[in-house]
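# Remarks on the overall topology
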Amino acid sequence: MTASGAGVRRGRLLFDGWIAGVGTASGTRLVLGHWPRSPFGPFSDVMLQGPDGRRTLFAPSGPVAEFVAATYTFDRVRVVPVAVEVAGARWSVTAGPLRLWLAVGSRTPLGRLLRAVPPQLARSRSWARLCDVPARLLPGVRTLGSAGAGRREWYGARDLHSLRSARAELDGRDLGAQAPLSPPVTFGFGSAPRTPALVRVCSTVELPDERAR
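What comes next is a walk through the structure. It should be emphasised that the depicted structure is a prediction, and the values quoted were computed from it without experimental measurement.

### What to know about the pairing of strand E4 (residues 43-49)
- Burial analysis of E4 places seven of its seven residues in the buried class, the great majority of the element.
- Every second residue of E4 is oriented toward a common face, with Phe-43, Asp-45, Met-47 and Gln-49 on one face and Ser-44, Val-46 and Leu-48 on the other, all of them buried.
- The pairing of strand E3 (residues 29-37) with E4 spans seven bridges and is antiparallel. Residue pairing in the sheet places Trp-35 in a bridge with Phe-43 of E4.
- Remark: five residues form the turn of the hairpin made by E3 and E4, two consecutive strands paired antiparallel; Gly-41 in that turn has positive phi of roughly 80°.
- Strand direction decides the pairing type here: E4 and strand E5 (residues 55-59), joined by four bridges, are antiparallel. Across the sheet, residue Val-46 finds its bridge partner in E5, namely Phe-58.
- Joining the antiparallel neighbours E4 and E5 is a turn of five residues, in which Gly-53 adopts a positive phi near 90°.

Now the structure itself:
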């Protein structure tokens with residue numbers, strides 16, 4: 001694993017950005033990670049799970065692919081150019097043979113509450129542990145858990161928007177209209193919400209040799 005000093009504190013790798021989760025009528029589910037701040041510099045990646053359960057990671061570089069594949073579980077890893085263009089409420093994503101278009105909706109009532117949480121609190125493991133209790137009421141959703149290679153990970157949500165619509169193509173094939181992200185994806189210990197959404201999130205990955213006692 002190669003990571004710069006930025007975003008690394010006492011064996012903890014800090015990521016700040018957005019996660020979008022959406023299902024499609026074909027049964028393919030997609031999770032976009034867009035990270036303007038990370039130990040690897042700004043990057044985006046896409047995790048895709050097909051209707052047959054096969055999981056694919058589209059990552060923009062070897063170091064990112066190595067880190068993400070060690071933290072989560074995939075059947076296939078592809079290193080391809082990944083680009084995200086944001087124009088107001090419109091997001092356009094290209095990841096090798098995959099294209100994804102998102103129309104972001106309004107901030108939800110929960111999103112307004114999350115924006116009031118101080119950033120330092122939102123990043124703490126104690127807050128993630130507290131939020132994990134209500135999060136478990138949503139199928140597959142977790143905010144704290146075990147990752148691959150003996151790592152621990154926790155999320156702190158800081159904003160939440162609905163998705164008005166989404167469209168995706170893989171190898172030129174339309175994956176169908178937006179649908180709930182169901183069943184939950186199985187890349188790691190938790191899934192994105194069932195209702196398609198864009199979440200502002202801070203994620204912390206703790207490496208095993210530096211785990212806090």
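### Structural notes on the side chain of Thr-28
- Considering the arrangement of structural elements, one finds Thr-28 in the loop between strand E2 (12-24) and E3.
- Separated by 3.4 Å, the side chains of Thr-28 and Ser-26 make a polar contact.
- For Thr-28, the residues in contact, after removing those within four places along its chain, are Val-22, Gly-23, Leu-48, Gln-49, Gly-50, Pro-51 and Leu-175.

### What to know about the nonpolar core
- Within the largest apolar cluster, 24 residues are counted, with the highest numbers of intra-cluster contacts made by Phe-15, Val-31, Met-47 and Val-68.
- Every element with two or more residues in this core is listed here: E2, E3, E4, E5, helix H1 (62-71) and strand E14 (197-206).
- With four residues, the top contributor of residues to this core is H1.
- Each residue touching Val-68, except ones within four places of it in the same chain, is listed here: Asp-45, Met-47, Leu-57 and Phe-74.
- In terms of nonpolar packing, the next biggest core, distinct from the first, is built from 23 residues, Val-22, Leu-30, Leu-102 and Ala-168 among them.

What counts, and where the lines are drawn
- Residues numbered from 1 in each chain as written.
- Predicted model: local features only at pLDDT ≥ 70, side-chain atom pairs only at ≥ 80, totals over all residues.
- Heavy atoms only, no water.
- Buried < 20%, exposed > 50% of the residue type's maximum accessible area, 1.4 Å probe, protein only.
- Helix = DSSP H or I, 4+ residues; strand = E, 2+ residues; numbered from the N terminus.
- Pairing = 2+ DSSP bridges.
- Polar contact = N/O pair within 3.5 Å; in protein donor to acceptor, adjacent residues only side chain to side chain.
- Contact = heavy atoms within 4.5 Å.
- Core = buried A, V, L, I, M, F, W, Y, C linked by side-chain atoms within 4.5 Å.

Geometric values such as these leave the question of function open.
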